[in-house]
Amino acid sequence: MTANSREAQLSAAFVKLADTLVTDFDVVDLLHWLVEECTRILDTEAGGLLLVDAVGELQLIASTSEEAQLVELTLIAAGEGPCLDCFHTGTAVTVGDMQNNAGKWPKFTAEAIRQGFFSVHATPLRLRGQIIGAMNLFSTHTRELNPADIAVAQALADVATIGILQERTIKGSSIITAQLQHALDSRILIEQAKGVLAATSGMTMNDAFVAIRAHARNNNLTLAKVADDVIARVLDVTTTTAK
Amino acid sequence: MMADASGNPTEGHNSARLDLCQPFVNDLPISGASVTVISSSGAQVALCASDTVAARLDEIQFELGEGPQWVATKTGTVVLLPDVSSASHEQWPIFAASVGQLNVGAIFSFPIRMGAATVGAATLYRDTPGGLDQDHQSSALAIASAIASTAVQRAMTFATDDVPESVAVPALRREVHQATGMILVQLDTTATIAYSRLQAYAFAQGRTVLSVARDVVTRTLAFDNLPL
């Protein structure tokens, strides 16, 4: 039964990916979709996706929730843990029971367990031989992902990153592609827009993000476009999602 | 143990290795580049210049308080002067008179943006006249964005003798950008001015931008009601 529904979910996911990739899509929205979809299909509870920036640091671009806790955990993951190992080696890292790895990644393990996550799986984001980031999926159960699960996460990630064009690559080795830079820039815009909403409506940063995303999806707009309009104070997304 | 030749502490951090001007020179058909950011006091701080002409071009504009890089910084737009000798220099008459002494054919100033906030400008020059095509303009803007957070951090380090914010965490935390958004509402202004006010307040209080930003985000500090 589970296998059937997973198969259906997977087909739906690949159809959606193919649809997206043949249109004029936004990288940030695509990556948000990717982490949400993988979290759902692989039966995990939370996920975060990091991209490498121009100075080689991993930056959180998309996550299943913008709650401070998950953000914090993912930031720690950028400094130590399976995600960083996965990014450096370019191969998936699955940790079935976090409690066995406390010695290896003390800070990351402690924070993950404190938040109730007992297993984590990291998938590298690859773009034509280059590792451009990694995706973390967290589960509240102790469970090693099986090879089929790992392959699913990797396949979805690979197809999604194929969409990141390389034709506009900036040649300098220390600088990433224009499209990846756009993703990193959009993230800053989204944070600024969250601040605008927090100040105008008193909502939490997480609710502010939910409102931005809802408005973007309901109106078929990119997250960056909605964020831009919120910052310019020409769009009020709080009224549309309050009900 | 030998000290670093330049006298600078050797940092393990990646951003220490990134020359902010070099990516422009490497990837674009230009002769040289300079990068300036707005410091906490509101002045422009030169972070790098790839050669003496680029340095002089930056200096002249700083001294005169006018020129393409000021316009790029203030308006957040790209300023293109493909032919310096024949351009109309209405916006910067004194600069126009001084630039003639330099061997500069074309000048291009690109805003350095952090989200919706403009934090500085990169000024590129070529010794011969001629434009920059769309692809090169896109590349220049992408490089400008890519160096933004490192540039801002360096400017902060120049402005204070403070220990820079922890180098182990990503350059500028989300709270800084969220606070910028909150302050722009509180002061009914733009993201550019909101960020500069955040930076100036932190400087005046002898605190880090991140710690002030956290107070703003947790609503313990509001810029429309600042304690004196």
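Each residue is numbered by its place in its chain's sequence as written, counting from 1. To read the labels, note that chains go from A and ligands from 1, taken in the order they are written. Side-chain atom pairs in this predicted model are given and counted only at pLDDT of 80 or more, local residue features only at pLDDT of at least 70, and totals for whole chains, interfaces and linings cover all residues.

1. Here we look at the overall build of chain A
Okay, so step 1: For helices the rule is a DSSP run of H or I covering at least 4 residues; for strands it is a run of E covering at least 2, with both sets numbered from the N terminus onward. When helices and strands are counted, chain A shows ten helices and five strands.
Okay, so step 2: In summary, chain A has a C-alpha radius of gyration of 18 Å against a globular reference of 18 Å for 243 residues, a match within 12%.
Okay, so step 3: Dimensions of chain A, computed from C-alpha atoms along their principal axes, come out at roughly 50 × 45 × 40 Å.
Okay, so step 4: Considering only intrachain contacts with a sequence separation of at least 6, the fraction spanning at least 24 residues in chain A is 61%. C-alpha atoms define the radius of gyration, and 2.2 Å times the number of residues to the power 0.38 defines the globule rule. Our contact criterion uses C-beta atoms placed from the backbone: two residues qualify when those atoms are within 7 Å.

2. Here we look at the domain arrangement of chain A
Residues and elements named next belong to chain A.
Okay, so step 1: Domain delimitation in this document rests on an assignment produced automatically or drawn from a domain database. Segmenting chain A into domains produces domain 1 (2-164) and domain 2 (185-241).
Okay, so step 2: Taking only C-alpha atoms, the centre of domain 1 and the centre of domain 2 are 24 Å apart.
Okay, so step 3: With eight residues of domain 1 at the interface, the matching set in domain 2 holds eight residues.
Okay, so step 4: At the level of elements, helix 2 (27-41) and strand 2 (58-63) are the ones that each hand at least two residues to the side of domain 1 that touches domain 2.
Okay, so step 5: Residues are sorted three ways: Asp, Glu, Lys and Arg are charged, Ala, Val, Leu, Ile, Met, Phe, Trp, Tyr, Cys and Pro are nonpolar, and all the rest, Gly among them, are polar. Within the side of domain 1 that touches domain 2, the residues separate by chemical class into two nonpolar, two polar and four charged.

3. A word on the confidence of the model for chain A
Detailed reading of the predicted coordinates is not advisable wherever pLDDT falls low.
Residues and elements named next belong to chain A.
Okay, so step 1: The predicted model of chain A averages 85 in pLDDT, with 90% of residues at 70 or higher.
Okay, so step 2: Ranking the helices and strands of chain A by mean pLDDT puts helix 9 (residues 223-231) first, with 96, and helix 10 (residues 238-241) last, with 64.
Okay, so step 3: Per-residue confidence from the predictor is given as pLDDT, running between 0 and 100. This model gives residues 166-175 a pLDDT under 50, and the stretch forms 26 contacts once residues within four places in sequence are excluded.

4. A look at the domain arrangement of chain B
Residues and elements named next belong to chain B.
Okay, so step 1: Annotation of chain B at the domain level lists domain 1 (14-159) and domain 2 (174-225).
Okay, so step 2: Placing a centre on the C-alpha atoms of domain 1 and another on those of domain 2 gives a separation of 26 Å.
Okay, so step 3: Domain 1 puts 13 residues into the contact, and the matching count from domain 2 is eleven residues.
Okay, so step 4: Looking at the side of domain 1 that touches domain 2, the element that brings in the most residues is strand 5 (residues 117-126), giving three residues.
Okay, so step 5: Classifying every residue of the side of domain 1 that touches domain 2 by side-chain character gives seven nonpolar, six polar and no charged.

5. A closer look at unusual backbone geometry
All names here are of chain B.
Okay, so step 1: One non-glycine residue, Asp 188, lies in the positive phi region at around 50 degrees.
Okay, so step 2: Within the fold, Asp 188 resides in the loop between helix 6 (174-186) and helix 7 (191-205).
Okay, so step 3: Phi at Arg 219 takes a positive value of approximately 65 degrees, unusual for a residue other than glycine.
Okay, so step 4: As for its position among the elements, Arg 219 is in the segment after helix 8 (209-217).

6. Examining helix 6 of chain B
All names here are of chain B.
Okay, so step 1: Compared with an ideal rise of 1.5 Å per residue, which puts 13 residues at 18 Å, helix 6 spans 19 Å between its outermost C-alpha atoms and is within 8% of the ideal.
Okay, so step 2: Between the buried cut of 20 or more and the exposed cut of 12 or fewer other C-beta atoms within 10 Å of a residue's own C-beta lies the partly exposed class, and all C-beta atoms are placed from the backbone. Counting buried positions along helix 6 yields 13 of 13 residues, so the element is predominantly enclosed.
Okay, so step 3: Positive phi shows up at Asp 188, right after helix 6, with a value of about 50 degrees. Helices are assigned an expected span. That span is 1.5 Å times one less than the residue count.

7. Some details on the sheet that holds strand 4 (residues 119-127) of chain A
Residue and element names in this part refer to chain A.
Okay, so step 1: Two strands pair if DSSP finds at least two bridges between them. A sheet is described by the order of its strands in space; here five strands give the open sequence 2-1-5-4-3, paired in antiparallel fashion. The sheet is open, and its two borders are formed by strand 2 and strand 3 (93-95), each paired with just one other strand. Here the strands of the sheet are splayed against their neighbours by 20 degrees on average, with no regard to which way each runs.
Okay, so step 2: Strand direction decides the pairing type here: strand 1 (residues 46-52) and strand 2, joined by five bridges, are antiparallel. For Val 52, the partnering residue across the bridge sits in strand 2 and is Leu 58.
Okay, so step 3: Together, strand 3, strand 4 and strand 5 (130-139) form the strand contacts of helix 6 (residues 147-162), whose direction differs from that of strand 4 by roughly 35 degrees.
Okay, so step 4: Orientation is described by lines fitted to C-alpha atoms, with helices fitted over the stretch in contact, and by angles between N-to-C directions that extend from 0 to 180 degrees. In the packing of helix 7 (residues 178-201) onto the sheet, the strands contacted are strand 1, strand 2 and strand 5, and the crossing angle to strand 2 comes to about 70 degrees.

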